[in-house]
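Reading the structure
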Amino acid sequence: MKNATKNQRERLANFECESYAKKFIEYRRLAERCVWCGREKPRNKMGLCRHCDNVTKEVKLCANRAAKSRSHTADFDLRAALQMKRDCIGWGDEVRRIIAGPISGYDLEKDFELLARNIVPRSNVHSGDANMFAWTFTPEQRQVLAYLLWKISGEQASRNRKNRARRSALMCR
Ligand SMILES: [Zn+2]
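Cut-offs and rules
Residues numbered from 1 in each chain as written. Predicted model: local features only at pLDDT ≥ 70, side-chain atom pairs only at ≥ 80, totals over all residues. Helix = DSSP H or I, 4+ residues; strand = E, 2+ residues; numbered from the N terminus. Rg over C-alpha atoms; globule rule 2.2 N^0.38 Å. Buried ≥ 20, exposed ≤ 12 C-beta atoms within 10 Å, placed from the backbone. Contact = placed C-beta atoms within 7 Å. Core = buried A, V, L, I, M, F, W, Y, C linked by C-beta atoms within 7 Å. pLDDT = per-residue confidence, 0-100. Expected span 1.5 Å × (residues − 1). Arc of directions from axis to C-beta. Axes fitted to C-alpha atoms, helices over the stretch in contact; angles between N-to-C directions. Parallel < 35°, antiparallel > 145°, perpendicular 65-115°, else oblique. Nonpolar A, V, L, I, M, F, W, Y, C, P; charged D, E, K, R; others polar. Bend = angle between axes of the 7 residues up to and from the residue.

Let us now look at the overall build of the protein. Tallying secondary structure elements over the protein gives six helices and zero strands in all. Counting from the amino terminus, helix and strand elements in the protein follow one another as α-α-α-α-α-α. For 173 residues, the compact-globule formula gives about 16 Å, and the C-alpha radius of gyration of the protein, at 21 Å, lies well above that figure. The principal-axis extent of the C-alpha atoms belonging to the protein is close to 80 × 40 × 20 Å. Buried positions account for 23% of the 173 residues belonging to the protein. In the protein, 63% of the contacts between residues at least 6 apart in sequence involve partners at least 24 apart.

Encoded structure:
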C-alpha cells in the first residue's frame, strides 16, 4: 500500500466503501426486527417491540370498549387505535422495501425532501436532485442512505404516532 499511487489508493477506498455498503445491507437483512414497525428493538414472543405491543393492547382495549358502548368516543378511540396499528405496519413495510431494494435516485430525493421539510417547513432543498442521487451513489449506497433516513423518520413516527392517528381518525369519520 506504501507504494500505491494516489489513483490506486482512491480505487481501493471506493471498493471498500462499496463492499461495506453491501455488507451493511446484508446485516440489516439478517437483523431481528419488530414484525410490525421494523425497528431493531427487543421483541416479545409475538415478535413485537414494546411500542407495537402497547398498540396491540390499545387496539384490544378500545375494541372491547366499543363493543360494550356505542358512543362516538369509543368508536373514535377504536378507529385511532386501528390507525396506529396500520401506521406501525406501514413503517415496517417501508424498511423491508428498502432492504429488498432497489432504491432509486427519485426515492432518495423524496426522503431527503421529507427530512428537509421537517427542519425547514415548505422548503424544496432537494427538489430535482434525483439524478444526482442516482449517479453519485451505487445501488447499495443508495439503500444505506435510505435505511439511515428511515431510521430517523421511523423513530420520529413512533413518537408522534398517537397524535397522527387521532388526527387521521378525526378526518375520516
Ligand atoms: Zn414495533
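Back to the text.
Another point: the nonpolar core. Judged by nonpolar contacts, the single largest core of 27 residues is most densely connected at Cys37, Cys52, Met84, Cys88, Ile98 and Ala146. For this core, the secondary structure elements donating two or more residues are α1 (6–30), α2 (50–68), α3 (72–100) and α6 (139–171). Broken down by element, this core gets its largest block of residues, nine residues, from α3.

A few words now on the confidence of the model for the protein. For the protein, the average pLDDT comes to 92, and 97% of its residues sit at 70 or higher. Within the protein, the lowest mean pLDDT, 84, falls on α1, and the highest, 97, falls on helix α5 (residues 130–136).

It is worth spelling out unusual backbone geometry at this point. A cis amide bond links Gly101 to the next residue, Pro102, at an omega of -5°. Backbone geometry at Arg122 places phi at a positive 60°, although glycine is not the residue there.

Across its 19 residues, α2 extends 27 Å between first and last C-alpha, which sits within 8% of the 27 Å expected from 1.5 Å per residue. Where α2 is concerned, the buried positions are Cys52, Val55 and Cys62. For α2, the angular spread of buried residues about the axis comes to 80°, placing them on one side. Summarising the geometry of α2, the exposed residues directed more than 90 degrees from the buried face are Arg50, Lys57, Lys60, Asn64, Ala67 and Lys68. Against α3 lie the buried residues of α2.

Moving on, we come to the packing of α3 against α6. To describe two helices that pack against each other, one gives the angle between their axes and the distance between the axes. Axis separation between α3 and α6 bottoms out at 8 Å; the angle between their running directions is 175°. One way to sum up the angle between α3 and α6 is to call them roughly antiparallel. Broken down by class, the residue content of the contact of α3 with α6 amounts to twelve nonpolar, four polar and seven charged.

Between the first and last C-alpha of α6 there are merely 39 Å, a value that for 33 residues lags more than 12% behind the 48 Å anticipated at 1.5 Å per step. For α6, the principal kink sits at Asn160 and spans about 65°. Of all the residues in α6, the buried ones are Glu140, Gln141, Arg142, Gln143, Val144, Leu145, Ala146, Trp150, Ser158, Arg161 and Ala165.

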